[in-house]
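Structural description and commentary
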Amino acid sequence: MAKVELEKVSKIFDNHVVAVDDVNFDIRDKEFIVLVGPSGCGKSTTLRMVAGLEEITSGEIRIDGRVVNDVAPKDRDIAMVFQNYALYPHMTVFENMAFGLKLRKYPKQEIEQRVRDAAEILSIENLLDRKPKQLSGGQRQRVAVGRAIVRKPKVFLFDEPLSNLDAKLRVQMRTEISKLHSQLETTMVYVTHDQVEAMTMGDRIVVMKDGKVQQIDTPMNLYDKPSNKFVAGFIGSPAMNFVSGQIIREEGLHFTTANIKLRLADARAASMADYVDKSVIMGIRPEDLSEYQLIESPRPDRGAHCRVDVVEPMGNEIFVYLSLGADALVARMSVQARPEVKKDYHVHFNMDKAHFFDATNETVIC
């Protein structure tokens, strides 16, 4: 397998659009790393540069210690799985999986064995004689993955491979790809715009925005310790709530707006001392907003009255959409809470879990 290194990699298109801007990160041997971000953030362009399908403007890409900037895609020892499967419609599943090996003039017996082995791993042995039009979307995706497996490459690259599947099949396929990574013990780079996919699949996640890397970390560190407001809002579903306000000192530090006055947790107060009388942005996740009466030891200085706009039952929990003056919030609550639409509701804020961001540059304070 192989380590992949990107050093000061940039891509500027002919129309002067900067798609990727000075990207630096290493992908460890046998690591499953996910590039995630909104459409147009540069994640697919970065993947295509690793594959050699897109020429880099500046910087250096190394695979297994070898600089590959000028190496043709076929000579980089990588295999790529595309969003649209890219299967040959006139070929059978077996022929699609074997095609790349035939081009490289592998012996017929070895081709047969590799295809059979890959088909067994993906549970598609009974599909080898079918044409792509006879397959479901999930089956076609397995064939596309199988075509990559038979190559036994140093690095697997996945470009939003599940985006054409329905929701249930996406869940199943992302589990299967994760199992495949454990089974093959190979380096995998996976691109998606779906942060749920990123959180559930990646050993580490690279969060991108506007061609720049915002943060690289494990899924839980991204969730618990975002480096800026963008990462905090992008990772997590429902998204983190944000409220703009000011820090004041009044028998301790408080976060205030026209509608609330919430005392900061002691552990956060020291970090916020330099922001007294300054504007900040408070972020708080939906699960850290609770029904006040269901809290074992509620504190008056950590609660606020909100208007209930919408209640969404989710089975084992409910999503409650709230208005706090001009601010909109969403809370993830227990089914024991019984909020009524268009009524005021006393909501408890878990200030031990609140995040604070600089109002000017949106970087995390604490």
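Residues numbered from 1 in each chain as written. Predicted model: local features only at pLDDT ≥ 70, side-chain atom pairs only at ≥ 80, totals over all residues. Heavy atoms only, no water.

So, about the pattern of salt bridges. Between side chains of opposite charge, pairing is possible as soon as their charged atoms come close. For the structure shown, the criterion picks out 23 salt bridges. A salt bridge links Asp-344 to Arg-307, with the shortest nitrogen-to-oxygen separation between them at 3.0 Å. Of this pair, Asp-344 sits in strand S19 (residues 344-349) while Arg-307 sits in strand S16 (residues 303-313); the two residues are 37 residues apart in sequence, bridging distant segments of the chain. If you follow the salt bridges from partner to partner, you end up with Lys-3, Glu-5, Glu-7, Asp-26, Glu-60 and Arg-62 in one network. (Salt bridge = Lys/Arg side-chain N within 4 Å of Asp/Glu carboxyl O. Helix = DSSP H or I, 4+ residues; strand = E, 2+ residues; numbered from the N terminus.)

Burial of strand S8 (residues 187-192) is extensive: six of the six residues sit out of reach of the surface. On S8, burial covers both faces: Thr-187, Val-189 and Val-191 on one face and Met-188, Tyr-190 and Thr-192 on the other are all buried. Relative to S8, strand S3 (residues 32-36) runs parallel, the two being bridged by five bridges. Bridged to Val-34 within S8 is Tyr-190. Note: strand S7 (residues 155-159) against S8, five bridges, orientation parallel. Its bridge partner lying in S8, Phe-158 is registered against Tyr-190. (Buried < 20%, exposed > 50% of the residue type's maximum accessible area, 1.4 Å probe, protein only. Pairing = 2+ DSSP bridges.)

Attention shifts here to the sheet that holds strand S20 (residues 355-358). Within the open sheet, the five strands sit side by side as S13-S12-S11-S14-S20. Their pairing is antiparallel. Single-partner strands in this sheet number two, and they are strand S13 (261-263) and S20. Strand after strand, the sheet turns through a mean of 40 degrees between neighbouring axes, direction not considered. Direction of pairing for strand S12 (residues 253-256) relative to S13: antiparallel, over a ladder of three bridges. Paired with His-254 across the bridge in S13 is Arg-263. (Axes fitted to C-alpha atoms, helices over the stretch in contact; angles between N-to-C directions.)

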